[in-house]
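Tertiary structure, described
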Amino acid sequence: MTETTDLLAALADIDPHSELAAARATRDAATRHAQGSYELLFSQQDADFPLAERFAIASQAAAWHDAAGLQAHYARQAAPLSDTRRHSEALAFARRLTFEPAAAAPQHIQVLRDAGWSERGVVTLAQLVAFISFQSRLLAGLRLLQGETLPESGRTALAGRWHTAPRAASGKAAPVAFTQRELSWEPWLPAKPLAAFDADEQATLARFGHTDSDYFRLLARNLPLLEQRTLTDKGIFYTAGGLPRAGRELAATVVSKVNGCIYCASVHARKATQLAKQPDAVQALLDVAPGEALSRGQSPRWAALIDFAAALSLTPVSVSQTLLDALRAHGLDTLALLDLIQSTAFFAWANRLMLTLGEPVLPSEPQG
């Protein structure tokens, strides 16, 4: 498949002379690699996950997100899924990943394997559905920035539930609450051994610092897709101007609270604390119990950031011009708003991989 246009720009009908178009050009790496991730996902000729299946599952996932334009785009190239166990289990996995990734468990991976999905196929399936979660939220945010009024679900964005079992599948101690301490993460599907990568692939892993990470060597079962995803990540979080980095890290933490991803929250809450120098405010966010409002007790500016990121994290999204106007009142311009939307959308992708392919564990205590 060869794409000659930016899919999200086309679906959001972005005026090429608008402030939004200029902001996306400023964030060129994020724009290009979000498109590159899409193009790669829907061009790979993998016998164990054919394109017709990919389009069909993408269409269903977009429908779950109430992303009508995106759903129609994928549906045009999809073939009907059968009622075979392979397809029914894939859809069950996709639905869980879309609506409640914190409900994922190791047996769900094994069910896919028993239904005929290869290790690479499982990883690509998770990537695809998580990518639609990213893509649909980014599209909703772009449409909002264009001045559109989006349908509101009427739902309030609250803290989600999370894993509270004191032991991981491996038997190691697991975190039962959100924390800023450093955690480890274990996959439920084996990471690809470093020796199984050729020299060029090992160089790619090394370039991004992924060599020693089980998480990234698991995602590297589809290495070209991991490369595009990593470049998208860097284009969103590691750029100058716009929303300060602390605000982007705050957004990542908020999404993780909505989705119940203790591991992602630990990493990005720590970064938000380091950058914003507001450890108490960050910890207050982490301490919010399931079903409670995430912005309670926060400063007006942080409350506006939190409320917007949380609403964009719901499935389907529940963002509004009112929430956007509140951010503008705190001085966020179009570039800063784009940074917030992209940071939030990206963690809809990241959380879903972390939660459905493995789980956090407490680091081993040193002996001695």
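On a predicted model such as this, the values are computed, not experimentally measured, just so you know.

This part covers the packing of helix α6 (residues 85-99) against helix α8 (residues 119-145). Close contact between α6 and α8 brings their axes to 10 Å; oriented N to C, the two are set at 45°. As far as their axial angle goes, α8 and α6 are oblique. Considering how the two elements wind past one another, α6 and α8 form a crossing that is right-handed. Note on element contacts: α8 touches α6 through L125, A126, V129 and A130, opposite A90, F93, A94, L97 and T98. Its residues assigned to classes, the contact of α6 with α8 shows eight nonpolar, one polar and no charged.

Quick look at the nonpolar core now. By size, the foremost hydrophobic cluster in this structure holds 124 residues, and its most contacted members are Y74, L125, L128, F134, L294, F308 and L357. Among the elements that make up this core, the one with the highest residue count is α8 (16 residues). When residues of this core are sorted by domain, at least three fall in each of domain 1 (7-146) and domain 2 (158-361). Each residue touching L128, except ones within four places of it in the same chain, is listed here: L41, F42, F49, R54, I57 and A58.

Right, let's talk about the pattern of salt bridges for a bit. For the coordinates displayed, the defined rule picks out 16 salt bridges. Where E186 meets K172, a salt bridge forms, and the shortest distance between an N and an O atom there is 2.7 Å. Placement of E186 in strand β1 (residues 184-187) and of K172 in the loop between α8 and β1 is noted, with a sequence separation of 14 residues between them. Overall, E186 belongs to the buried group, its relative accessible area being 14%. Using a relative accessible area of 41% as the deciding quantity, one classes K172 as partly exposed. Connected through shared salt-bridge partners, R27, R248 and D339 make up one network.

Bringing α8 into the picture now. For α8, built from 27 residues, the straight-helix expectation of 39 Å at 1.5 Å per residue is met to within 8% by its first-to-last C-alpha distance of 39 Å. Buried residues dominate α8, accounting for 24 of its 27 residues. Remark: G147 follows α8 within two positions and exhibits a positive phi of approximately 95°.

Of note, the amide linkage connecting T315 to P316 takes the cis form, showing an omega dihedral of -10°. Along the chain, P316 falls in the loop between α15 (300-313) and α16 (321-329). Even without glycine at this site, D13 takes up a positive phi of about 55°. Its place among the elements puts D13 in the loop between α1 (7-12) and α2 (19-26). A positive phi angle, close to 60°, is found at K277, a residue other than glycine. Mapping K277 onto the fold places it in the loop between α13 (262-276) and α14 (279-286). Relative accessible area serves as the criterion here: at 66%, K277 is assigned to the exposed category.

Bringing the environment of R54 into the picture now. Along the polypeptide, R54 turns up in helix α4 (residues 51-64). Taking the relative accessible area as the measure of exposure, R54 reaches 0% and is therefore buried. Ignoring any residue separated from it by four or fewer positions in sequence, one finds R54 in contact with L40, L41, F42, Q44, D46, F49, T124 and L128. A polar atom in the side chain of R54 sits 2.7 Å from the backbone oxygen of L41. A polar atom in the side chain of R54 sits 2.9 Å from the backbone oxygen of F49.

On to the domain arrangement of the protein chain. Domain parsing of the protein chain yields domain 1 (7-146) and domain 2 (158-361). The interface of domain 1 with domain 2 comprises 49 residues on the first partner and 53 residues on the second. Regarding the contact of domain 1 and domain 2, the summed buried area is about 4500 Å², with carbon and sulfur atoms giving 69% of it. Of all residues in domain 1, R27, R137 and L144 bury the most surface against domain 2, accounting for 18% of the area lost on that side. One can count three salt bridges joining domain 1 with domain 2. The shortest N-O distance in the salt bridge between E119 and R221 comes to 3.2 Å. Here domain 1 is connected to domain 2 by 24 residue pairs in polar contact (both at pLDDT 80 or more). Taken together, the elements giving at least two residues each to the side of domain 1 that touches domain 2 come down to α2, α3 (28-41), α6, α7 (106-114) and α8. Tallying contributions element by element places α8 first for the side of domain 1 that touches domain 2, with 18 residues. A class-by-class count of the residues in the side of domain 1 that touches domain 2 yields 29 nonpolar, eleven polar and nine charged.

Empty space among the atoms can be located by rolling a probe the size of a water molecule over them. Reported here for the largest pocket is a volume of approximately 570 Å³. Along the walls of the largest pocket sit 27 residues, with Y215, F216, D233, H268 and M354 positioned nearest its centre. Of all the elements in the fold, those that place two or more residues in the lining of the largest pocket are β1, α10 (214-219), α11 (223-237), α12 (245-259), α13 and α17 (334-357). Partitioned by chemical class, the residues of the lining of the largest pocket number 13 nonpolar, six polar and eight charged.

How each quantity is defined
- Residues numbered from 1 in each chain as written.
- Predicted model: local features only at pLDDT ≥ 70, side-chain atom pairs only at ≥ 80, totals over all residues.
- Heavy atoms only, no water.
- Axes fitted to C-alpha atoms, helices over the stretch in contact; angles between N-to-C directions.
- Helix = DSSP H or I, 4+ residues; strand = E, 2+ residues; numbered from the N terminus.
- Parallel < 35°, antiparallel > 145°, perpendicular 65-115°, else oblique.
- Left-handed = near helix turned anticlockwise from the far one by under 90°.
- Contact = heavy atoms within 4.5 Å.
- Nonpolar A, V, L, I, M, F, W, Y, C, P; charged D, E, K, R; others polar.
- Core = buried A, V, L, I, M, F, W, Y, C linked by side-chain atoms within 4.5 Å.
- Buried < 20%, exposed > 50% of the residue type's maximum accessible area, 1.4 Å probe, protein only.
- Domains from an automatic or database assignment.
- Salt bridge = Lys/Arg side-chain N within 4 Å of Asp/Glu carboxyl O.
- Expected span 1.5 Å × (residues − 1).
- Polar contact = N/O pair within 3.5 Å; in protein donor to acceptor, adjacent residues only side chain to side chain.
- Buried area = accessible area lost by both parts, 1.4 Å probe.
- 1 Å grid on protein atoms, 1.4 Å probe; cavity = no way out; pocket = protein on both sides within 12 Å on 5 of 7 lines; lining within 4 Å.
- Points joined across faces, edges and corners; volume = space filled by probe spheres on them.

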